[in-house]
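# What the coordinates show
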Amino acid sequence: MHLTTEERAMLEGKSGKAVQKAMQILVALGTIYEADGMIPVSSVQVAGVSYDNLGDAGIQFLGDMLAGGASTHVLTTLNPAGMDIENWQTLGMAAEFAQKQMQVIDTFKRIGIIPTCTCTPYFCGNLPGYGQHIAWAESSAVCFANSVIGARTNREGGPGALAAALTGRTPCFGFHLIQNRKPGITFDIERPKSPETADTTHWFGALGKTIGQHIESMSDNPVPYIRGIESASIEGLKSLCASLATYGGCALFHMEGITPEAIQFSPPQVTIRISTEMVEAASDSMTDADSSDVDFVSLGCPHLSIREIARLAQLLNGQQVKKEFWITTSRQIKQLADQAGYRRVIEDSGAKIAADTCCVVAPIKGRFNAMATDSAKACFYARSKHRMKTMFRTFDEVVLEALKG
Ligand code: F3S
């Protein structure tokens, strides 16, 4: 693998131990994936932030990197943590967990990483441009960056993303190369009859599951080219990205008339038709709980936009929730919600705005029986990680569920 003089110096330890370790990680990755060399990146998103996932070994690794002089070279933001940094007690987190989680975040900050603690960095100052090479971890954000923005990133793991942050480089393979961004299969989507059903986070989540499971079953995991969708909101697309990544391991799709690179490619001849019945079946498969089971309600996977918060405030105005209800979003969007008056309306209802975290990375296993959500991704992890039952509903229906006794 070709390295520049500067990259070779990094590998030889001339920029310190942490950069040397980072370059070793990148060279190992590049060797495995047969990269010809490195490519400079303009932005990084680091995942693996929750102490629930990192454990003490992760804290030790980060501490060693800091001691070795780790410092970011490019704009780097952080994925959600295991708790709301300010309101962890309200969410029922243990003090010991909070202390460890703060240690993790403090170390990331000392390395120079901006503690956005969100999976929607594109709403919070980390918005790459079309065609820019970046190194992002967090599967939903990766799919969004590649597909909706047209930036170029592989699906980085935690160490690979951190190594890119410290060196400003990543191995040039996979989705950094245009030939790997070509679609391999066309999905023709039958639009739902009712306009209210189309372009909701719920419908796009179910569509993502349907397409994702097709992709997952194909040995070459082709890039999907999606046809038949007339319009898609940012919120619908972020839901689709999260679901495609979860159920299909998909890091890139093209959508005719919607995503920026689609125009460069002809639709592949191999075509699968996705009927409304198939999407409905995917939707139904994510519900195994009824109202009497549901004791936890959550919106915000991926983190809510300010437009979703505004809708939520409208729905909750003057109402009282009867179930534990978490609204997960970034601290930046929470501040906007505060300024706009939405936060007061939401909190007056008894719902809790949980910034910096989400219902998947927070350590809630064993606390709840069943969760109502509009997120296909959250359904997958609530079942597999937290062993909860799930109820998959539209955004507005989820709010109604929280209001039921
Ligand atoms: Fe984001 Fe957590 Fe969902 S990181 S995409 S809210 S699982």
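Residues numbered from 1 in each chain as written. Predicted model: local features only at pLDDT ≥ 70, side-chain atom pairs only at ≥ 80, totals over all residues. Heavy atoms only, no water.

## With respect to the sheet that holds strand β13 (residues 370-373)
Note the threshold: Only when DSSP finds a minimum of two bridges between them are two strands counted as paired. To qualify as a helix, a DSSP run of H or I must reach at least 4 residues; to qualify as a strand, a run of E must reach at least 2; elements of each kind are numbered from the N terminus. Here an angle of 0 to 180 degrees is reported between the N-to-C directions of two axes, which are lines fitted to C-alpha atoms, with helices fitted over the stretch in contact.
Strands sit in the order β12-β11-β10-β13-β14 across an open sheet of five strands; the sheet is parallel. With partners counted over all chains shown, the strands left at the sheet margins are β12 (352-355) and β14 (389-392), one partner each. Taking the axes of each pair of neighbouring strands and ignoring which way they run, one obtains an average angle of 25 degrees across the sheet.

## A few points about the site of the ligand
Let me state the cut-off plainly: Any residue with at least one heavy atom within 4 Å of a molecule or strand is counted as near it. Only Asp, Glu, Lys and Arg are considered charged, only Ala, Val, Leu, Ile, Met, Phe, Trp, Tyr, Cys and Pro nonpolar, and every remaining residue, Gly among them, polar. Annotation comment: domain bounds sourced from an automatic or database domain assignment.
Every residue lining the ligand is accounted for by P80, C119, E138, S140, G300, C301, P302, C358, V360 and K377. Across the shell around the ligand, the residue classes break down as six nonpolar, two polar and two charged. Counting contributing residues, the shell around the ligand receives three or more from each of domain 1 (5-178) and domain 3 (296-400).

## Concerning the packing of helix α2 (residues 17-32) against helix α6 (residues 158-167)
Here is the rule we go by: Angle categories: roughly parallel below 35 degrees, roughly antiparallel above 145, roughly perpendicular from 65 to 115, and oblique for all the rest. By definition, any crossing whose near helix is turned counterclockwise from its far helix by less than a right angle is left-handed, and any crossing with a clockwise turn is right-handed. For this analysis, residues touch if any pair of their heavy atoms sits within 4.5 Å.
Closest axis-to-axis distance for the α2/α6 pair is 9 Å, and the angle between their directions is 125 degrees. With respect to α6, the axis of α2 lies oblique. Seen along the crossing, α2 lies across α6 with a hand that is left-handed. Contact residues: A18, V19, A22, M23, I25, L26 and L29 in α2; P159, G160, A163, A164, L166 and T167 in α6. Class assignment for the residues of the contact of α2 with α6 results in 11 nonpolar, two polar and no charged.

## Digging into the pairing of β13
Condition: With a 1.4 Å probe rolled over the protein chains alone, any residue whose accessible area is under 20% of its type maximum counts as buried; one over 50% counts as exposed, and the rest are partly exposed. A clockwise path from the first strand over the helix to the second, with the strands pointing away from the viewer, defines a right-handed crossover.
What you see with β13 is no split at all: A370 and A372 on one side and M371 and T373 on the other are buried throughout. Here strand β10 (residues 296-299) pairs with β13 via two bridges, running parallel. Its bridge partner lying in β13, V297 is registered against A372. With four bridges joining them, β13 and β14 adopt parallel strand pairing. Looking across to β14, one finds that A372 is bridged to M391. Taken together, β13, helix α13 (residues 376-384) and β14 form a β-α-β motif whose crossover is right-handed.

## A word on the environment of G350
Looking at where G350 falls in the secondary structure, it is placed in the loop between α12 (342-348) and β12. G350 sits 258 residues away from G92 along the chain, and the two C-alpha atoms are 15 Å apart. Apart from residues no more than four positions distant in its own chain, G350 is found in contact with Q320 and V321.

## Overview of the domain arrangement of the protein chain
To keep things clear, this is the line we draw: Buried area: the accessible surface (1.4 Å probe) lost by two parts on joining, summed over both. By convention in these notes, a salt bridge is any Lys or Arg side-chain nitrogen within 4 Å of a carboxyl oxygen on Asp or Glu. Polar contact criterion, stated in full: a pair of N or O atoms within 3.5 Å, where within protein one must be able to donate a hydrogen and the other to accept it, and residues adjacent in sequence count only if both atoms are side-chain atoms.
Domain annotation for the protein chain reports domain 1 (5-178), domain 2 (182-285) and domain 3 (296-400). Summarising the inter-unit geometry, the C-alpha centres of domain 1 and domain 3 are found 26 Å apart. Listed per partner, the contact involves 26 residues of domain 1 and 22 residues of domain 3. Surface buried jointly by domain 1 and domain 3 totals about 1,900 Å² across both partners, of which 54% is contributed by carbon and sulfur atoms. It is D84, L91 and F123 that lose the most area in domain 1 upon contact with domain 3, and together they represent 24% of the buried surface on that side. Viewed at the interface, domain 3 and domain 1 are joined by four salt bridges. Across the salt bridge formed by E138 and K377, the nearest N and O atoms sit 3.2 Å from each other. Inspection of the domain 1/domain 3 interface yields 13 residue pairs in polar contact (both at pLDDT 80 or more). Residue assignment for the side of domain 1 that touches domain 3 shows that the elements contributing at least two residues are α3 (51-67) and α5 (139-149). Residue composition of the side of domain 1 that touches domain 3, by class: 11 nonpolar, 11 polar and four charged.

## As for the nonpolar core
Short version of the rule: Take the buried Ala, Val, Leu, Ile, Met, Phe, Trp, Tyr and Cys residues and link them wherever side-chain atoms come within 4.5 Å; each set so joined is a nonpolar core.
V44, M93, F108, F296 and I364 are the most contacted members of the largest nonpolar core, which totals 58 residues. When contributions to this core are tallied by element, the ones reaching two or more residues are α2, β2 (43-46), α3, α4 (95-111), α6 and α13. Counting residues per element, this core draws most heavily on α2, at seven residues. No fewer than three residues from each of domain 1 (5-178) and domain 3 (296-400) sit in this core. Leave out the neighbours within four places in its chain, and M93 touches G82, M83, W88, W326, A362, P363, I364 and R367. Membership of the second largest hydrophobic core comes to 42 residues, among which are I134, A145, L237 and L240.

## Side note on the side chain of T118
Among the structural elements, T118 can be located in the loop between α4 and β4 (135-136). A polar contact is formed between the side chain of T118 and the side chain of T120, at a distance of 2.9 Å. Setting aside chain neighbours within four positions, we find T118 in contact with Q45, L78, N79, P80, C124, H303 and S330.

## Here we look at the sheet that holds strand β3 (residues 75-78)
Spatially, β3-β2-β4 is the arrangement adopted by the three strands of the open sheet, whose pairing is parallel. Here the strands that pair on one side only, and so sit at the sheet edges, are β3 and β4. Packing of α6 onto the sheet brings it into contact with β2, β3 and β4, and relative to β2 it is tilted by some 145 degrees.

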